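Chain and residue survey
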Amino acid sequence: MTGAGGILAAWLTPAVWLALPALFLEQGAGALWAGLLLVTAPLLALTLRRAPSDPLLRAPVPLIHVATLFLAVVALIWAGLVVAGDVALRLGGPRWHGIALAACGGLLLTAWRGAGRALPALLLIAALGLGLPLVLLARVAGVGPLEAWRVVATSPAFTFPPGSPWVAAGRVLGLAKGRGALLFQEEHRLTAAGEVALRLATRDGRQTTEREISLTAGQSVTVRPGDRLEAAPGARLRFEAGRRVPGAPETGMAWAAGAAGGARAGFLDGLGLAVTVLGGGIALLGPPLVGRPSARALSTVGIALVGVIWLAQGWAVYTALRAPEVFLGGISPERLLDVPALVLVSRTSAWRAQAMLVIAVAVGFFASTVALRARLSAADTTGGGEIGSDLGLWSMVFGMAALASLWAVDPWRLALAALGGAAAVLAPAALLPTAASRPVVATAAGIAGLAVFALLLLAGRLGAGGSWLGPVCDQPALAAVPAGMLVLWLAARRAGA
Amino acid sequence: MRAVAKKSSSLLLLAVLVVFAIISALPGDVSQIRLGPLSLLWWWGGVLGPLIAVLAALVGAGARDEPSAE
């Protein structure tokens, strides 16, 4: 696995690259750390690879490494199918349509032995699908990316544009992220565009009063700063032009400074993300994979990674500039699909741009399944790599992952969990190869790392993580990778004594 | 030569991350100082940092491609 296409497709699954613009849009500078980690992790992993003649590489890959890698690959495919389901839902179809189409496509590629040769073409299509609509947005905005960033960063507020569909005809509130109530930052007059039932929570000093409101088409209700609004499914509302979008950052300056997210996140949160992403990169693309990519392949990987982070920033900046109503209710990755329709005047252009994005997601997913299976084959030295192309096994995997994808989860969090789990087991052995050259020791370290990871993940899900344990439960690899390394170090010391 | 190139590449890549962490932790909102259109933090985290990371990896690869003296 030394070709640029395989490396890029395995690393940049849709759950990862589609999350980046959403993170930039939601957190501003807070997403820079995640973006920088996603660029450096594969490069670091590739520099750690050894030459095939290295004696340390003659040790067999422990079963726990192969099993964990398999689970990580399955989780990454699952995250990709969740994205496909979210995209289908955003396009107005049932969730399972997107999941079924993506799963069938992935499975068909499993049956095609030569699918690896198609990776560069698939990635090129995905890149064009992500890049061309952005060019259209930039043309409509009429400013370059740096100037667009400056305008957004100096904007006093993110408000509903006069021509927005949320203002003119009204839209179904469920199209906003809809995971919680809308929190209003200023007085806002809402008008029903049909029969709607609303639940409004108003704060009066320390008291919160909840009331149910039923409106018919044309009737209005005025909400005040601090009010929270929930709507019954299908409720169609019109918002006021020039008013702040609920869920948007306070100001452009706050967005640029990352006040809403990670730039102000704690040191442990940042470190946890770093261990997860860098460790996950090493687990997916680093040792014991042999053979370093050529300088040409490495430069292709590097240019593509920089291109992806720049595209992600471009999407975030032009969206904040021209379609700030996307902030309504919070950002989720698939909401990027809304942007062309909000920005482009021509319906045909908007439809084409949306279609290009959908194709980019689909093709990116197919490419990632091929590359991830190839990565798994490379780890399965005893089975001759059959694990990556076993049609029966992958039919079951795609089927189970498709079923699991019907349950809506955050694909970015799922991808991070997959990377963290792989990091917990594989990264210690890659970083301390001499100590891990004995299979028994490598297995013990893998079990230790996996146990710590699983316990902390479970504690986090059960809400057991207190204020100090929170970042560790959030990114369990932060403790699991050092635990695995400690086992390796102790074993090496004992062997040397 | 190979080991040195590999180690220096890895260290340079980690240095890119450390510089970002230092800039974002600077007191008095130094990271928000504008240099042209972008703030210092965005210049490093969004533009220069990724480019330098790629160059660091390529420097190592270039050194590795040379005939080994080992």
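It should be emphasised that the depicted structure is a prediction, and the values quoted were computed from it without experimental measurement. (Residues numbered from 1 in each chain as written. Chains lettered and ligands numbered in written order. Predicted model: local features only at pLDDT ≥ 70, side-chain atom pairs only at ≥ 80, totals over all residues. Heavy atoms only, no water.)

Attention now goes to empty space enclosed by the protein. Residue and element names in this part refer to chain A. Enumeration according to the criterion identifies 4 cavities of 30 Å³ or more in this entry. Computed from the structure, the largest cavity encloses a volume of approximately 70 Å³. Every residue lining the largest cavity is listed: Thr 276, Arg 413, Leu 416, Ala 417, Gly 420, Phe 453, Leu 457, Arg 461, Asp 474, Gln 475, Pro 476 and Ala 477. Mapped by element, the contributors of at least two residues to the lining of the largest cavity are α16 (411-431) and α17 (439-461). For the lining of the largest cavity, a count of residues per class yields 6 nonpolar, 3 polar and 3 charged. (1 Å grid on protein atoms, 1.4 Å probe; cavity = no way out; pocket = protein on both sides within 12 Å on 5 of 7 lines; lining within 4 Å. Points joined across faces, edges and corners; volume = space filled by probe spheres on them. Helix = DSSP H or I, 4+ residues; strand = E, 2+ residues; numbered from the N terminus. Nonpolar A, V, L, I, M, F, W, Y, C, P; charged D, E, K, R; others polar.)

Turning our eyes to something else, we now look at the pattern of salt bridges. Residues and elements named next belong to chain A. Counted according to the given criterion, the structure contains 8 salt bridges over all chains. Here Arg 199 and Glu 212 are joined by a salt bridge, their closest N and O atoms 3.2 Å apart. Taken together, the positions of Arg 199 in strand β4 (residues 196-204) and Glu 212 in strand β5 (residues 207-215) put the pair 13 residues apart, joining distant regions of the chain. Classification of Arg 199 as partly exposed rests on a relative accessible area of 37%. For Arg 413, the salt bridge goes to Asp 474, with nearest N and O atoms at 2.7 Å. Of the two residues, Arg 413 is situated in helix α16 and Asp 474 in helix α18 (residues 470-474); the sequence distance between them amounts to 61 residues. Beyond isolated ion pairs, a larger network of salt bridges with shared partners links Arg 90, Glu 334 and Asp 338. (Salt bridge = Lys/Arg side-chain N within 4 Å of Asp/Glu carboxyl O. Buried < 20%, exposed > 50% of the residue type's maximum accessible area, 1.4 Å probe, protein only.)

A word on the confidence of the model for chain B. All names here are of chain B. Confidence along chain B averages 82 in pLDDT terms, with 77% of residues attaining 70 or more. The weakest mean pLDDT in chain B belongs to helix α1 (residues 2-25) at 84; the strongest belongs to strand β2 (residues 38-39) at 92. Low pLDDT, under 50, characterises residues 66-70; the predicted model gives this stretch 4 contacts beyond four residues in sequence or across chains. As a predicted assembly, this complex carries a pTM of 0.91 together with an ipTM value of 0.88. (pLDDT = per-residue confidence, 0-100. Contact = heavy atoms within 4.5 Å.)

All right, on to the interface of chain B and chain A then. Listed by partner, the interface residues are 31 residues for chain B and 35 residues for chain A. Both faces considered, chain B and chain A share a buried interface measuring about 3,000 Å² in area, 74% of it formed by carbon and sulfur atoms. Our count for the contact surface shared by chain B and chain A stands at 0 salt bridges. Remark: the boundary between chain B and chain A carries 4 residue pairs in polar contact (both at pLDDT 80 or more). Of all elements in the fold, only α1, β2 and α2 (40-65) of chain B reach the threshold of two or more residues within the side of chain B that touches chain A. If one sorts the elements of the side of chain B that touches chain A by residue count, α2(B) sits on top with 16 residues. Within the side of chain B that touches chain A, the residues separate by chemical class into 18 nonpolar, 7 polar and 6 charged. (Buried area = accessible area lost by both parts, 1.4 Å probe. Polar contact = N/O pair within 3.5 Å; in protein donor to acceptor, adjacent residues only side chain to side chain.)

Time to look at the sheet that holds β4(A). Residue and element names in this part refer to chain A. Strand order in this open sheet of 4 strands is β2-β7-β4-β5, and the pairing throughout is antiparallel. The sheet is open, and its two edges are formed by β2 (182-183) and β5, each paired on a single side. With 4 bridges connecting them, β4 and strand β7 (residues 228-231) associate as antiparallel partners. Pairing of Leu 200 across the sheet is with Leu 229, part of β7. (Pairing = 2+ DSSP bridges.)

All names here are of chain A. Relative orientation of the contacting elements helix α7 (residues 119-141) and helix α14 (residues 347-379) amounts to 155 degrees, with a least axis distance of 8 Å. Taken together, the axes of α7 and α14 lie roughly antiparallel to each other. Here the hand of the crossing between α7 and α14 comes out left-handed. In this structure, α7 uses Leu 119, Leu 122, Leu 123, Ile 125, Ala 126, Gly 129, Leu 130, Leu 132, Pro 133 and Leu 136 to contact α14, whose residues at the interface are Ala 353, Met 356, Leu 357, Ile 359, Ala 360, Val 363, Gly 364, Ala 367, Val 370 and Ala 371. Across the contact of α7 with α14, the residue classes break down as 18 nonpolar, 2 polar and no charged. (Axes fitted to C-alpha atoms, helices over the stretch in contact; angles between N-to-C directions. Parallel < 35°, antiparallel > 145°, perpendicular 65-115°, else oblique. Left-handed = near helix turned anticlockwise from the far one by under 90°.)

What follows concerns the packing of aromatic side chains. Counting across every chain of the model gives 10 aromatic pairs over all chains. An aromatic cluster is present here, built from Phe24(A), Trp149(A), Trp255(A) and Trp42(B) joined pairwise through their rings. (Phe/Tyr/Trp six-rings, centres within 6.5 Å; stacked < 30°, edge-to-face > 60°.)

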